Amino acid sequence: MPLAAVNGVELYYETAGDGDPLVLVHGSWGDHYNWVPVMKDLSRDHRVLVYDRRGHSRSERPPGQGSRREDEDDLAALMETLGFAPAFVAGNSFGASTALGLAGRRPELFRGILAHEPPLMGVVADDAAARPLMAATALRMASVVERLREGEVLSGARQFVEEVAFGPGEWELMPDRVRETFRVNAPTFADEQGDPRWADLDLGRLSGYRGPALLTKGSESPRWFAAIVGRLAGALPQALTHTFEGAGHIPHVSHPSAYTRQVGALVALGRRAA
């Protein structure tokens, strides 16, 4: 089992393919397996790195309160340790927040960024239209975290799937392996929510990243994601935006061909910039 010792933890990783370096960063509750639907196509033209973020699945789960800053440092160290710097980096949800946070601090590590629906509610806290929608989501997430901290892991995971992420009935439609991944990684979601800065990002610092950036959202996702994407696009000098029609929060799973095309578009922009 390939493990890399970086930033004080051991992280599980896999690599595949050859070509431009591409790093994929998963969101909360998941792991490297989330990228399986796009791995075959992406690895035809790219040297792809996937990994389990700290506290997820096969990677080490250290004790104590964690932070997104640690995830950012893990990503930087893993890229440098495995020879993937600089690289194109695609992140989903909390993984997108992680990639963007690192880009503001270490822009030299990136040839391009694709960020899908980072839940950075803090950057649109002043948006009057988005605020009540985000507040309702935050209440549901707080209820999930309360269940998890009381030890009700399965019911908390199911509540997140059906009331926050995907909708009623979706838990039973998930493959057994995916439900088990949610169960195993539930404590780390509660830990992520304990970081007081998990939803914030320094937009002034992010504007220092001047490489290609593609910010995406799904047409079926909650509307407050559009507000976040718009605010981030205003901060990034070379940002483009894209909407995955018919998709929600995980287009690399639900619409893999469309997602692969957007990664290819980002890489093309990066090559021209280079």
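Calculation rules
Along every chain, residues carry numbers that run from 1 in the direction the sequence is written. Only residues with pLDDT of 70 or above have their local features reported here, since the model is predicted, and side-chain atom pairs are shown and tallied only from 80 upward, although totals for entire chains, interfaces and linings are computed over all residues. Side-chain measures here rest on the full set of heavy atoms in the structure, leaving out hydrogens and waters. Two aromatic rings, drawn from Phe, Tyr or Trp (for Trp, its six-membered ring), form a pair once their centres lie within 6.5 Å of each other, and the interplanar angle then sorts them: stacked below 30 degrees, edge-to-face above 60, tilted otherwise. Working definition: helices are DSSP H or I runs of at least four residues, strands are E runs of at least two. Numbering for both runs from the N terminus. Relative accessibility decides the category of a residue: with a 1.4 Å probe and only protein chains considered, values under 20% of the type maximum give buried, values over 50% give exposed, and everything between is partly exposed. Only when the NZ atom of a Lys or the CZ atom of an Arg is both within 6 Å of the ring centre and within 35 degrees of the ring normal do we say a charge sits over the ring. By salt bridge we mean one thing: a side-chain nitrogen of Lys or Arg within 4 Å of a carboxyl oxygen of Asp or Glu. For this analysis, residues touch if any pair of their heavy atoms sits within 4.5 Å. Two N or O atoms form a polar contact when they lie within 3.5 Å of each other; inside protein one atom must be a possible hydrogen donor and the other a possible acceptor, and for residues adjacent in sequence the pair counts only when both atoms belong to side chains.

### Here we look at the packing of aromatic side chains
- In total, this model carries 9 aromatic pairs according to the counting rule given.
- Ring centres 6.2 Å apart and planes at 70 degrees place the aromatic pair Phe 110 and Tyr 209 in the edge-to-face group. In this pair, Phe 110 sits in strand 6 (residues 110–116) while Tyr 209 sits in the loop between helix 8 (203–206) and strand 7 (213–218), placing the two residues 99 residues apart along the sequence.
- Seen from their ring centres, Phe 244 and Tyr 259 are 6.0 Å apart, and the 20 degrees between their planes marks the pair as stacked. With Phe 244 in strand 8 (residues 239–244) and Tyr 259 in helix 11 (residues 256–273), the pair connects residues that are 15 residues apart, well separated along the chain.
- A relative accessible area of 2% means that Phe 244 is categorised as buried.
- Looking at Tyr 259, the relative accessible area reads 0%, which means it is buried.
- Directly above the ring of Tyr 12 sits Arg 58, whose terminal nitrogen or CZ lies 4.7 Å from the centroid.

### Some words on the pattern of salt bridges
- According to the stated counting rule, one finds 20 salt bridges in the structure shown.
- Between Asp 41 and Arg 44 there is a salt bridge whose closest N-O contact spans 2.3 Å. One end of the pair is Asp 41 and the other is Arg 44, both in helix 1 (residues 36–45) and 3 residues apart, which spans about a single turn.
- For Arg 44, a relative accessible area of 54% corresponds to the exposed category.
- One salt bridge in this structure joins Arg 53 and Glu 192, with 3.1 Å as the shortest N-O distance. Taken together, the residues span a long stretch of sequence, with Arg 53 in the loop between strand 4 (46–51) and helix 2 (68–81) and Glu 192 in helix 7 (residues 176–193) at a distance of 139 residues. Grouping residues by exposure puts Arg 53 and Glu 192 together as buried.

### Here we look at the environment of Thr 216
- If you trace the backbone, Thr 216 turns up in strand 7.
- For Thr 216, a relative accessible area of 0% translates into the label buried.
- Distance from Thr 216 to Gly 30, taken between C-alpha atoms, is 19 Å for residues 186 residues apart in sequence.
- What Thr 216 contacts, discounting residues up to four positions off in sequence, is Leu 114, Ala 115, His 116, Glu 117, Val 229, His 242 and Phe 244.
- Of the polar contacts made by the side chain of Thr 216, one reaches the side chain of His 116; its length is 2.7 Å.

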